[in-house]
Amino acid sequence: LTAALRSGNGMLSLAAVARALTLPTGFKNRYKRLNRFLDNRLFDPEGVTEGLFGVLLGAGKTPTTIPVILDQSTIGPVQLLMAGVPLAGRVLPLSLMTFTYEQIQTQPERTKSQNFIERVFVLRVLEAAPAWLKLCFVLDRGYARVSLMRELLEQRRTLFIVRVPRKVVIERRKRGTPTRCPIGALTTPNGVPKR
């Protein structure tokens, strides 16, 4: 949809989206309807996540584990947090949250951090998931905070994988003594998970 509707300079306009809507009305009515929908103050894009789980995964209730990829992108001054599900070689968006660093500075003291926003985002995705679904979050090292890892470990329906370069230094216990080493120095056979 978005690739086909983009204009010559790569922008996606409201008019282009309105033209693509399959409604039995003229362009002007489709444009007005779309504009009113997006301007509705009661519309909550973050609340769509629960419905997207059903759309992407179907109505089956067989207990299963699915990977959910979390990533952050920058679009001008706006930071975009996205959770997506890999499907047919692509990552389909499941949940989005945006913020700016200026907005963070105007928040009350206890919520004045990007870590707080990321934590809320992860917990909202988990809350929106059906009860029969187990989520395996695939995170980059920006999410590798001990507080978030502990919180995810406490959730019964959550697993996680943290992607890090081999030279990232971690602390581990070796013969009862805490030692630091690069993660690439750990010896593990291929195909065997190790915590």
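Relevant structure appears above.
Owing to the predicted nature of the structure, the values given are computational and were not obtained by experimental measurement.

Thresholds applied
- Residues numbered from 1 in each chain as written.
- Predicted model: local features only at pLDDT ≥ 70, side-chain atom pairs only at ≥ 80, totals over all residues.
- Heavy atoms only, no water.
- Salt bridge = Lys/Arg side-chain N within 4 Å of Asp/Glu carboxyl O.
- Helix = DSSP H or I, 4+ residues; strand = E, 2+ residues; numbered from the N terminus.
- Buried < 20%, exposed > 50% of the residue type's maximum accessible area, 1.4 Å probe, protein only.
- Pairing = 2+ DSSP bridges.
- Axes fitted to C-alpha atoms, helices over the stretch in contact; angles between N-to-C directions.
- Contact = heavy atoms within 4.5 Å.
- Patch = residues over 30% accessible without salt bridge, like charges linked within 9 Å, V, L, I, M, F, W, Y side chains within 5 Å.
- Areas by Shrake-Rupley, 256 points an atom, 1.4 Å probe, with all protein chains shown as cover.
- Lys, Arg positive; Asp, Glu negative; His and termini not counted.
- Charge placed at Lys NZ, Arg CZ, Asp CG, Glu CD.
- Core = buried A, V, L, I, M, F, W, Y, C linked by side-chain atoms within 4.5 Å.

### Let's talk about the pattern of salt bridges
Tallied over the entire structure, the rule returns two salt bridges. Measuring nitrogen to oxygen at the nearest pair gives 2.7 Å for the salt bridge that ties R145 to E118. Within this pair, whereas R145 is found in the loop between strand 4 (133-140) and helix 7 (146-154), its partner E118 is found in helix 6 (residues 114-128), the two being separated by 27 residues in sequence. Comparing R145 with E118, the two get one shared label, buried. For the salt bridge of E151 with R119, the shortest nitrogen-to-oxygen distance reads 2.7 Å. With E151 in helix 7 and R119 in helix 6, this pair connects stretches of sequence that are 32 residues apart. Look at E151 and you get buried, because its relative accessible area is 19%. Residue R119 is classed as partly exposed on the basis of its relative accessible area, which comes to 31%.

### A few points about the sheet that holds strand 1 (residues 64-75)
Ordered in space as 3-2-1-4-5, the five strands form an open sheet in which the pairing is mixed. At either margin of the open sheet sits one strand with a lone partner, and together these are strand 3 (90-100) and strand 5 (158-163). Geometrically, the sheet is characterised by an average inter-axis angle of 25° between neighbouring strands, direction not taken into account. By the bridge criterion, six bridges tie strand 4 to strand 5 in an arrangement that is parallel. What sits directly across from L135, in strand 5, is T158. In this fold helix 6 packs onto strand 1, strand 2 (78-87), strand 3, strand 4 and strand 5, with an angle of close to 140° to the strand it touches most, strand 3. Running at roughly 150° to strand 5, helix 7 makes contact with strand 4 and strand 5 of the sheet.

### A few points about the side chain of S95
Here S95 is to be found in strand 3. A relative accessible area of 7% places S95 in the buried class. Excluding residues that lie within four positions of it along the chain, S95 makes contacts with T49, L81, M82, A83, F121 and V125.

### So, the environment of W132
With respect to the element layout, W132 can be found in the loop between helix 6 and strand 4. Along the chain, W132 and G142 lie 10 residues apart, while their C-alpha atoms are 29 Å from each other.

### Quick notes on unusual backbone geometry
Backbone geometry follows two general trends: most residues other than glycine have a negative phi, and most peptide bonds adopt the trans configuration. The phi dihedral of R175 is positive, around 55°, even though this residue is not glycine. You can see R175 is positioned in the loop between strand 6 (169-174) and strand 7 (177-182).

### As for a positive patch on the surface
The grouping of K28, K32, R33 and R36 at the surface amounts to a positive patch. Here R36 lies in helix 3 (residues 27-39).

### Notes on the nonpolar core
In terms of nonpolar packing, the biggest core is built from 27 residues, with F53, V68, L70, V125, L135 and F137 touching the most fellow members. When contributions to this core are tallied by element, the ones reaching two or more residues are helix 4 (49-57), strand 1, strand 2, strand 3, helix 6, strand 4 and helix 7. Per-element tally for this core: the top contributor is helix 6, with six residues. Residues contacting V125, with those up to four places away along its chain left out, are F53, V68, A83, L94, S95, L135 and F137.

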